Amino acid sequence: MKRRNFIKTAASSGLLASASLLSGAAQSQTSSKRTQIKWKMVTTWPKNFPVLGTGANNLAQLITEMSGGRLKVKVYGAKELVPAFEVFDSVSRGTAQMGHGAAYYWKGKTEAAQFFSTVPFGLTAQEMNGWLYHGGGMELWQETYKPFGLIPAAAGNTGVQMAGWFNKEIKSMADLKGLKMRIPGLGGEVLKRAGGTPVSLPGGEIFISLKTGAIDATEWVGPYNDLAFGLHKAAKYYYYPGWHEPGSTLEALINKQAMDALPADLQSIVLNACKVVNQDITAEYTARNQLALDTLVKKHKVNVLKLPDDVLSTLQRLSDEVVNELATKDSMSKKIFSSFENYRHQVKKWTDISELAYLQAR
Ligand code: CA
């Protein structure tokens, strides 16, 4: 039966309403097939690595689900499509439409990027989100990545990390001299100023480097992630607090051309899925870190030690020097530093009488 004849017959038999519904459903099915967009997400993490890799998986799944399958995102672990440290270039070129990593990995592209992962002795996760979402940070981040054809989004925060794994006790600053340590970003610059040698390595290469003695020490994230890499099998002393990474933002990178090609609702879904994952990753670390630390201490007999106060205060002084110098490197860094510092001074006062006062009291 031809469609026109069918409608005529259907109308006369009172079936027109259900026929339209059927035809509407068929149409939207055809149009959803026609407009299905496929994106690749490359990451700096080993595939399915706890929280980091699985967080990237969740982000891809959320976008796919929230869009009703109209935008399908497939995740690639480090080295699957491109090596970890080529994620930025690969999304910038459009080889992949999205990436997941951390901004301090890209200091070779633009020094200013480092402000958007973490600053030694800088902001906590909660404070960082305040700056990014409501303190002008996100606009500055967008401006920083614009020349690369990239749109950034916060997509996870580790909270305060651990200071790292060492094969000797750190009793004074002298113990950091000559130390070859995996430590990225501005923290690495601080170590250099303390007489050490910072090394930048993607997560997947840390364990073997420490085990073989290619490096003397490393930091990674915190108990849950460090246990997963088996770092306790390569070093004995586990130090806190992570002065160099007090609340590291993980980032989603989005190719601007690919984003611009999306309809407005899909653009909103991409950015809001990042917001969901940004919070969820912090929640997962908060829930899992202490259980992992218990395992490291009780089962693997790891020595958990606090860095001496005078070491921390010297590192803070060196950090201030490093961050102040970064601000003089280019106009973008100067502009970001000014926003960051203003925010840090005002938010610290509030944190002191809210979070800090409460934590000391409980
Ligand atoms: Ca780290």
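Presented here is a report on the structure given in the accompanying data block. (Residues numbered from 1 in each chain as written. Predicted model: local features only at pLDDT ≥ 70, side-chain atom pairs only at ≥ 80, totals over all residues. Heavy atoms only, no water.)

1. Some points on the overall build of the protein
At step 1: For the protein, the helix and strand inventory stands at 13 helices and 11 strands.
At step 2: Here the protein holds 362 residues, and 50% of them are scored as buried.
At step 3: Contacts in the protein between residues at least 24 apart in sequence constitute 77% of all its contacts with a sequence separation of at least 6.
At step 4: Element-wise, carbon and sulfur atoms account for 54% of the exposed surface of the protein, whose accessible area totals about 17,100 Å².
At step 5: Taken together, the 42 basic and 31 acidic charged side chains of the protein have centroids lying 10 Å from each other. (Helix = DSSP H or I, 4+ residues; strand = E, 2+ residues; numbered from the N terminus. Buried < 20%, exposed > 50% of the residue type's maximum accessible area, 1.4 Å probe, protein only. Contact = heavy atoms within 4.5 Å. Areas by Shrake-Rupley, 256 points an atom, 1.4 Å probe, with all protein chains shown as cover. Lys, Arg positive; Asp, Glu negative; His and termini not counted. Charge placed at Lys NZ, Arg CZ, Asp CG, Glu CD.)

2. So, the coordination of the calcium ion
At step 1: Listed as protein donors to the calcium ion are Gln161 (OE1), Glu219 (OE), Glu219 (OE), Trp220 (O) and Glu245 (OE); their distances from the metal cover 2.1 to 2.8 Å.
At step 2: Sequence spacing of the donor residues for the calcium ion, all on one chain, is Q-x57-E-W-x24-E. In this pair, Trp220 is assigned in the loop between strand S8 (217-218) and helix H9 (223-229) and Glu245 in the loop between strand S9 (237-240) and strand S10 (249-255), connecting sequence segments 25 residues apart.
At step 3: Given a relative accessible area of 3%, Trp220 falls into the buried group.
At step 4: For Glu245, a relative accessible area of 1% corresponds to the buried category. (Donors = N, O, S within 2.8 Å, 3.2 Å for Na, K, Ca; no water.)

3. Side note on helix H11 (residues 264-298)
At step 1: With 35 residues, H11 extends 52 Å between its outermost C-alpha atoms, agreeing within 8% with the 51 Å of an ideal straight helix rising 1.5 Å per residue.
At step 2: Roughly 35 degrees is the biggest bend found in H11, and it falls at Arg288. (Expected span 1.5 Å × (residues − 1). Bend = angle between axes of the 7 residues up to and from the residue.)

4. Some words on the pattern of salt bridges
At step 1: Under the counting rule described, the total for this entry stands at 16 salt bridges.
At step 2: The residue Lys256 makes a salt bridge to Asp260 at a minimum N-O spacing of 2.8 Å. A residue pair is termed a helical-turn pair when its members lie 3 or 4 positions apart in one helix, as Lys256 and Asp260 do in helix H10 (residues 256-260) at four residues.
At step 3: Taking relative accessible area as the criterion, Lys256 reaches 30% and is therefore assigned partly exposed. (Salt bridge = Lys/Arg side-chain N within 4 Å of Asp/Glu carboxyl O.)

5. So, the sheet that holds S9
Where strands meet in a sheet, backbone hydrogen bonds hold them as pairs that are either parallel or antiparallel.
At step 1: With respect to topology, six strands assemble into an open sheet ordered S7-S6-S8-S5-S9-S11, the strand pairing being mixed. On the outer flanks of this sheet lie strand S7 (197-199) and strand S11 (303-306), each paired with one strand and no other.
At step 2: In this sheet, S7 lies alongside strand S6 (residues 180-182) in parallel orientation, the contact comprising three bridges. Directly across from Lys180, in S7, lies its bridge partner Thr197. (Pairing = 2+ DSSP bridges.)

6. Observations concerning the pairing of strand S3 (residues 98-101)
At step 1: Judged by which residues are buried, S3 turns out to be covered on both faces: Met98 and His100 on one side and Gly99 and Gly101 on the other are all buried.
At step 2: The sheet contact formed by strand S1 (residues 37-43) and S3 spans three bridges and is parallel. Within S3, the residue paired with Val42 across the bridge is Gly99.
At step 3: When S3 meets S10, the two strands line up antiparallel, connected through four bridges.

7. Overview of the environment of Phe49
At step 1: Position of Phe49 relative to the elements: it lies in the loop between S1 and helix H3 (52-66).
At step 2: Phe49 sits in the buried class, given a relative accessible area of 6%.
At step 3: C-alpha of Phe49 to C-alpha of Gly77: the two residues are 28 residues apart in sequence and 8.7 Å apart in space.
At step 4: The residues touching Phe49, leaving out its near neighbours within four places in the chain, are Thr54, Trp220, Asn225, Ala228 and Phe229.

8. Thoughts on the pairing of strand S4 (residues 150-157)
At step 1: Within S4, eight of the eight residues are buried, which leaves it mostly tucked inside the rest of the structure.
At step 2: Pairing analysis gives six bridges linking S4 to S10, with the strands arranged antiparallel. What sits directly across from Leu150, in S10, is Asn255.

9. As for the side chain of Glu284
At step 1: Locating Glu284 in the fold gives a position in helix H11.
At step 2: Setting aside its immediate chain neighbours within four residues, Glu284 contacts Val51 and Tyr224.

10. Digging into the packing of aromatic side chains
At step 1: As enumerated under the stated definition, the model contains 20 aromatic pairs in all.
At step 2: Arranged with centres 6.4 Å apart and planes meeting at 65 degrees, the rings of Trp45 and Trp220 form a pair that is edge-to-face. Residue Trp45 is found in the loop between S1 and H3, and its partner Trp220 is found in the loop between S8 and H9; the two are separated by 175 residues along the sequence. (Phe/Tyr/Trp six-rings, centres within 6.5 Å; stacked < 30°, edge-to-face > 60°.)

11. Quick word on helix H6 (residues 137-145)
At step 1: Taken together, the buried positions of H6 are Gly137, Met138, Leu140, Trp141, Thr144 and Tyr145. Looking down the long axis of H6, one finds its buried residues gathered within 160 degrees of arc, a one-sided arrangement.
At step 2: Contact partners of the buried residues in H6: helix H4 (87-93), helix H5 (125-134), S4, S10 and helix H13 (331-361). (Arc of directions from axis to C-beta.)

12. Here's the deal with the side chain of Ser333
At step 1: Among the structural elements, Ser333 can be located in helix H13.
At step 2: The buried category is assigned to Ser333, whose relative accessible area is 0%.
At step 3: Once you skip the residues sitting within four places of it in the chain, Ser333 turns out to touch Glu111, Ala112, Phe115, Leu326 and Ala327.

13. Brief notes about the sheet that holds S10
At step 1: Taken in spatial order, the five strands line up as S2-S1-S3-S10-S4 in an open sheet, and their pairing is mixed. Edge strands, defined here as strands with exactly one partner in the open sheet, are strand S2 (71-76) and S4. With direction set aside, neighbouring strand axes in the sheet form an average angle of 25 degrees.
At step 2: Sheet analysis places S1 next to S2, joined by six bridges and oriented parallel. In the sheet register, Val42 faces S2, and the bridge partner there is Tyr76.
At step 3: Contacting S4 and S10, H5 crosses the sheet at an angle of about 155 degrees to S4. (Axes fitted to C-alpha atoms, helices over the stretch in contact; angles between N-to-C directions.)

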